[in-house]
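Okay, here's what each chain looks like letter by letter:
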Amino acid sequence: MIDVRRLRTDLEATTAALSRKRVPAEDVQRAASLDVASRDLASQTEDLRARIKVLSRQVGEVMRASGPQAAEELREQSRRLGEELSALEARAAEVDAQLRDALLRLPNLPAEDAPEGASEADNVVVRTVGFDPGRYQPHQRVPHWDIGNELGILDLERGAKIGGSMFPLFRGAGATLSRALCQLALDRNSDAFTEVRPPSLVRAPVLEATGQLPKFADEAYHIERDDLWAVPTAEVPLTSMRAGEIIPEAELPLRLMAYTPCFRREAGAAGRDTRGLLRVHEFDKVEILSVCTREQAPEMLQELLARAIGSIEALGLPYRVLDICTGDLGQSHARSFDVEVYAPGCDMWLEVSSVSWFSDYQARRAGIRYRPSGGGGNQVCDTLNGSALAVPRVWAALVETYRQEDGSVLLPECLHPYFRGATRIAASVSR
RNA sequence: GGAGGGAUGGCAGAGCGGCCGAAUGCGAGGCUCUUGAAAAGCCUUGGGAGUGCAAGCUCCCCGUGGGUUCAAAUCCCACUCCCUCCGCCA
């Protein structure tokens, strides 16, 4: 969440910044008013509590000096104040809960240099690499769901039989490819990132820290019996790994990476882009993430982006980079770059990575701070993350791009080590 | 799943319901002494909120949330986590 103090010292500027993200001024004003009310009630309760403390001490002294009877009047006085106090506290709790909820729902401020825009149509293509629409042969213009079927490496029908629609099933070399892509991403980033294998089911506060709750509860799978949530991305458990901790500045920046399955209900996107692997409920992804200082953040954003692109380049896929406009930035995001690969079979640009800077929005929710080396007060950290590689869409673009005239799929060289000597995927006999 | 035990500051570890935000030890930082170091001595050393130009003042936090009481780290209840034993299990 944003720093409440911004609402006190900089209400106008904050409202203006949030309006770039299409947040109505009333929402900001409401939070600001609740904050005023909350502080007012807090100072009243503090006052009362202080008086009760003094009285209580006196009660003790009088009782010791002159016995219980002598203290009766003081006790009565304190009891009355106590009743007043609990009434006041109840009101304060009510207002605080409202303030917290309002604050939790306010999006992060966009970065100043994030491009202005109303929707995804206004995202700015920063660069396009390796894309030449005239280069593609007819045998590459086959969508991956057909290729997958033909080669027996993607079985959407049987996936649906087991998990329902949008739960893909990979088999044979298709399954190997899925795993190989993850392994590739982990290997490529192991020079600087610590690998983590976190839980895939998490508690509500963990989802709240990264911004999925309370606002986007419909997007996540919830296991009611145990009140656990399936992670939509490794960003969620990785960000909360250091929740509530104060990290010495010397340890920053933290660099973490994790492979996890990712679960998404895609409630808001029903019916859109649902063919094949374009949008699925469960997929594998390797995420890279950093916790750092405000000063380290800009460089880290570039590093994460370079690493996300690095894997795509290694795979030899054409891609482009989008600078996400204010109207399309996610709730927690200050600045985002999307990486899209071109899939010739479906003739579409597929988003395969989103590299984002969250400023201190997530870290404040999660309570991740650092102790500055030079002394002074503890500071809230910045967080950044991006997909190092998200399997299904890369899988799709890859089989479409590398499909040969005979229908087999040639594997890019960087994947060979993971394929037990194979260099191409041909039709398998067994079904 | 069953039976026990536990959770206090960076760590260890005290804490008859009333100067306890918390003894003590270790660790860390600063200073004195020293040519330098060690030793010794002195001092400092948790997090957060409000208010004030500031010095400061006030309040909250002893796993979390409730309750009892004039007053809770201390008593009661619930939950979470950790440890030990039994059962089950990849």
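Mind laying out the overall build of chain A, listing which residues take part and the relevant values?
Looking only at helices and strands, chain A features 12 helices and 16 strands. Dimensions of chain A, computed from the C-alpha atoms along their principal axes, are close to 100 × 45 × 45 Å. For chain A, restricting intrachain contacts to residue pairs at least 6 apart in sequence, the fraction spanning at least 24 positions comes to 75%. Total accessible area on chain A is roughly 20,400 Å²; 49% of this is exposed by carbon and sulfur atoms. Put simply, chain A has 52 plus and 63 minus side-chain charges, and the middle of one group is 3 Å from the middle of the other.

So, the sheet that holds strand S13 (residues 379-380): which residues are in play, and what are the values?
Here we have 3 strands laid out as an open sheet, ordered S6-S12-S13, and mixed in their pairing. Lying at the two open borders of the sheet, with one neighbouring strand each, are strand S6 (246-248) and S13. The pairing of strand S12 (residues 369-371) with S13 spans 2 bridges and is classified as antiparallel. Bridged to Arg369 within S13 is Val380.

Could you give an account of the sheet that holds strand S8 (residues 282-292), naming the residues involved and the relevant values?
Strand order in this open sheet of 8 strands is S1-S9-S10-S11-S14-S8-S7-S2, and the pairing throughout is mixed. Each edge of the sheet is formed by a strand with only one pairing partner; in this case those strands are strand S1 (124-129) and strand S2 (194-196). For this sheet, the mean inter-axis angle between neighbouring strands, taken without regard to orientation, is 25 degrees. Note: S1 against strand S9 (residues 319-323), 5 bridges, orientation antiparallel. For Val129, the partnering residue across the bridge sits in S9 and is Tyr319. The strands touched by helix H7 (residues 173-189) are S2, strand S7 (254-263), S8 and strand S14 (382-390); relative to S8, the strand with the most contacts, the crossing angle is about 10 degrees. Of the strands in this sheet, S1, S7, S8, S9, strand S10 (335-343), strand S11 (348-357) and S14 touch helix H10 (residues 297-314), which is tilted by about 5 degrees from S14.

Quick rundown of the pairing of S11? Include the residues and the values.
In this structure, S10 lies alongside S11, joined through 9 bridges in antiparallel fashion. Across the sheet, residue Tyr342 finds its bridge partner in S11, namely Trp349. Between S10 and S11, which pair antiparallel in sequence order, lie 4 residues; one of them, Asp347, sits at a positive phi of approximately 55 degrees. Examined bridge by bridge, S11 and S14 share 2 bridges and lie antiparallel to one another. Among the inter-strand pairings, Ser356 is bridged to a residue of S14, identified as Asn385.

Help me get a handle on the protein's contact with RNA strand B, residues and values and all.
Near RNA strand B, the surroundings consist of 20 residues, among which Arg8, Arg49, Ser56, Ser78 and Arg369 are the closest. Here, RNA strand B places atoms within 4 Å of the protein, and 78% of those atoms are sugar or phosphate. Here a sugar or linking oxygen of RNA strand B and a side-chain polar atom of Ser78 are 2.2 Å apart. At a separation of 2.5 Å, a phosphate oxygen of RNA strand B approaches a polar side-chain atom of Arg369. Those elements that place two or more of their residues in the surface near RNA strand B are helix H1 (5-9), helix H3 (25-66), helix H4 (72-105) and S12.

Analysis parameters
Residues numbered from 1 in each chain as written. Chains lettered and ligands numbered in written order. Predicted model: local features only at pLDDT ≥ 70, side-chain atom pairs only at ≥ 80, totals over all residues. Heavy atoms only, no water. Helix = DSSP H or I, 4+ residues; strand = E, 2+ residues; numbered from the N terminus. Contact = heavy atoms within 4.5 Å. Areas by Shrake-Rupley, 256 points an atom, 1.4 Å probe, with all protein chains shown as cover. Lys, Arg positive; Asp, Glu negative; His and termini not counted. Charge placed at Lys NZ, Arg CZ, Asp CG, Glu CD. Pairing = 2+ DSSP bridges. Axes fitted to C-alpha atoms, helices over the stretch in contact; angles between N-to-C directions. Near = heavy atom within 4 Å. Polar contact = N/O pair within 3.5 Å; in protein donor to acceptor, adjacent residues only side chain to side chain.

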